[in-house]
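# Notes for the structure review
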Amino acid sequence: MSTNTEEVEEALLSESKKYEFPSFPRIRSRLQVQYNNSYNTIACTPFVDANCSDQQIYGSDYVKRQFNIVQVLVVLATYLGGGTLCFFLIRDQIKGQKTNGFLDSMYFCVVTMTTVGYGDLVPNSILAKLLASIYVFIGLCLGGLIIGKVADYIVEKQEILLVKAIHVSEKIGPVELLKDMETNKVKYKFFTAMAQILVLIIVGTVFLHLVENLELIDAFYCVCSTITTLGYGDESFSSKGGRVFGVFWILSSTICLAQFFIYLAELYTETRQKSLIKWVLNRKLTESDLEAADLDQDEVVSAAEFVLYKLKEMGKISEEDISMLMETFEHLDIDQSGSLTPADLLRP
């Protein structure tokens, strides 16, 4: 039992340990090929090998993600384009600070969709008010999908650059960089999103100060009230050039801020989870632990039972999950031998 326990502990704690495949030759061979292909795809990144093809670098998951992003952008463009056209047709029923009919309509769509609502352009008829109400509700429904997909894509595109910048002064090879990225993925996403927010705040403040002629404090105040979607309306993008900039800046800043808070929550949850795992792995076992881990009540805790017990303590598996898996095992174990063999799988 001691030997089995040491093997399990080594497998759980050592990230560099090679994956052990089943003992059946055909299955082992097939899984080893799949594992090697997967590892080669992961290891072949832009900063590992410049000669890698796109397919080798990103694999099918990247293609799928690209396809999803394209779909989201098409939906977003359709939503904004349709809204812009509708509000352009009833532009005379919208009052406020106007510059250009088409630009004002697009700007109105963006501040409505993001729930900023400055108040510099407002519906002024029953039709315009009903259309704005419907438009904002549709925008809220699409918001989760659009914000999640677009922000994830933006952050992932910058993540590698951030990791390389953090380790620029260290002599770390590609393999170590990859390992560090995977281990601290959520943390790097959080810092990437935070950096993007800071850049957008600075760019927005400078633009409002130079183009909209606002004082620096007023410009910063307008930026903060915009990205948090407060939109008091006392300061806004009022010029033609300002609204062109605002259409893109408002979308980008509100999306990035939302994703920043999502990553902040993920980072907090991950930190708590890692602390729990560390405590579970290092705490001293008691007799009551052995009794709880002894699933078959034979007064001996096998390696498999130990692993299941620890996984349950870590919150990675529940008692219901174990029960369902045991039922499936018993169903496959036709001869009730307590183990599965190729013969069990071949029986009808």
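From a predicted model like this one, the values you see are computed outputs, not experimental measurements.

A count of helical and extended segments in the protein gives 13 helices and 2 strands. Scored against the burial criterion, the 348 residues of the protein give a buried share of 33%. Taking all contacts inside the protein whose residues are at least 6 apart in sequence as the whole, residues at least 24 apart take part in 63%.

We now examine the environment of Trp279. Note on placement: Trp279 falls in helix H9 (residues 240-282). When its relative accessible area of 52% is taken as the criterion, Trp279 is described as exposed. Separated by 34 residues in sequence, Trp279 and Glu313 place their C-alpha atoms 9.9 Å apart.

Two aromatic rings are characterised by how far apart their centres lie and by the angle between their planes. For the structure on display, the rule yields 15 aromatic pairs. Note on Phe87 and Phe108: the rings are 4.8 Å apart at their centroids and 75 degrees apart in plane angle, and the pair reads as edge-to-face. Pair noted here: Phe87 is in helix H3 (residues 54-89) and Phe108 is in helix H4 (residues 101-113), with a separation of 21 residues, a long-range link. By the burial criterion, Phe87 is buried, and Phe108 matches it. Ring geometry for Phe207 against Phe245: centres 3.9 Å apart, planes inclined by 15 degrees, an arrangement best described as stacked. Linking Phe207 in helix H7 (residues 185-210) with Phe245 in helix H9, this pair joins segments that are 38 residues apart in sequence. Here the two residues Phe207 and Phe245 agree in accessibility, since each one is buried. One aromatic cluster is present, built from ring pairs that chain together Tyr107, Tyr118, Phe207, Phe237, Phe245 and Trp249. Between the NZ or CZ atom of Arg91 and the centre of the ring of Phe88, over which it lies, the distance is 4.1 Å. A cation over a ring is seen here: Lys187 above Tyr188, with NZ or CZ 5.7 Å from the ring centre.

Glancing now at the environment of Val110. With respect to the helices, strands and loops of the structure, Val110 is situated in helix H4. The spacing of Val110 and Val247 is 137 residues in sequence and 6.2 Å in space, taken between C-alpha atoms.

With that out of the way, let us pick up the pattern of salt bridges. What the rule picks out here adds up to 5 salt bridges. Its salt-bridge partner being Asp120, residue Arg243 comes within 3.4 Å of it at the nearest N-O pair. With a gap of 123 residues between them, Arg243 in helix H9 and Asp120 in the loop between H4 and strand S2 (121-123) connect regions that are remote in the sequence. Overall, Arg243 belongs to the buried group, its relative accessible area being 0%. Classification of Asp120 by relative accessible area gives buried; the value is 5%. Between Lys310 and Glu313 there is a salt bridge, with its nearest N and O atoms 3.4 Å apart. One end of the pair, Lys310, and the other, Glu313, are both in helix H11 (residues 303-314), 3 residues apart, so they sit about a helical turn from each other. A relative accessible area of 4% means that Lys310 is categorised as buried. Taking the relative accessible area as the measure of exposure, Glu313 reaches 22% and is therefore partly exposed.

Now for the UniProt feature "transmembrane region" (unreviewed entry) in the protein. Taking the numbering used here, the UniProt-annotated feature "transmembrane region" (unreviewed entry) corresponds to residues 69-90, 102-120, 126-147, 190-211 and 244-265. From the first C-alpha to the last, residues 102-120 spans 16 Å; its make-up is 63% helix and 0% strand. In this annotation, residues 190-211 is assigned 95% helix and 0% strand; the end-to-end C-alpha distance for the span is 31 Å.

This part takes up the environment of Ala258. Here Ala258 shows up in helix H9. On the basis of relative accessibility, which here comes to 27%, the residue Ala258 falls in the partly exposed class. Placed 65 residues apart in sequence, Ala258 and Ala193 show a C-alpha to C-alpha distance of 9.5 Å.

We now examine the nonpolar core. Formed by 43 residues in total, the largest nonpolar core has its most connected members in Leu80, Phe87, Tyr107, Tyr118, Phe237, Trp249 and Ile250. Only H3, H4, helix H5 (126-166), H7, helix H8 (216-227) and H9 provide two or more residues apiece to this core. No other element matches H9, which puts 10 residues into this core. Those residues within four positions of Tyr118 in sequence are excluded, and the remaining contacts are Tyr107, Val111, Cys222, Thr226, Gly231, Tyr232, Gly233, Glu235, Ser236, Phe237 and Ile250.

Taking 1.5 Å per residue as the helical rise, H9 with its 43 residues ought to reach 63 Å, and the 63 Å between its terminal C-alpha atoms agrees with that figure. A distance of 3.0 Å separates the backbone nitrogen of Gly242 from a side-chain oxygen at the start of H9, and that oxygen is part of Ser239.

Definitions and cut-offs
Residues numbered from 1 in each chain as written. Predicted model: local features only at pLDDT ≥ 70, side-chain atom pairs only at ≥ 80, totals over all residues. Heavy atoms only, no water. Helix = DSSP H or I, 4+ residues; strand = E, 2+ residues; numbered from the N terminus. Buried < 20%, exposed > 50% of the residue type's maximum accessible area, 1.4 Å probe, protein only. Contact = heavy atoms within 4.5 Å. Phe/Tyr/Trp six-rings, centres within 6.5 Å; stacked < 30°, edge-to-face > 60°. Lys NZ or Arg CZ within 6 Å of the ring centre and 35° of its normal. Salt bridge = Lys/Arg side-chain N within 4 Å of Asp/Glu carboxyl O. UniProt positions renumbered as here; feature names shortened; annotations may be inferred. Core = buried A, V, L, I, M, F, W, Y, C linked by side-chain atoms within 4.5 Å. Expected span 1.5 Å × (residues − 1). Polar contact = N/O pair within 3.5 Å; in protein donor to acceptor, adjacent residues only side chain to side chain.

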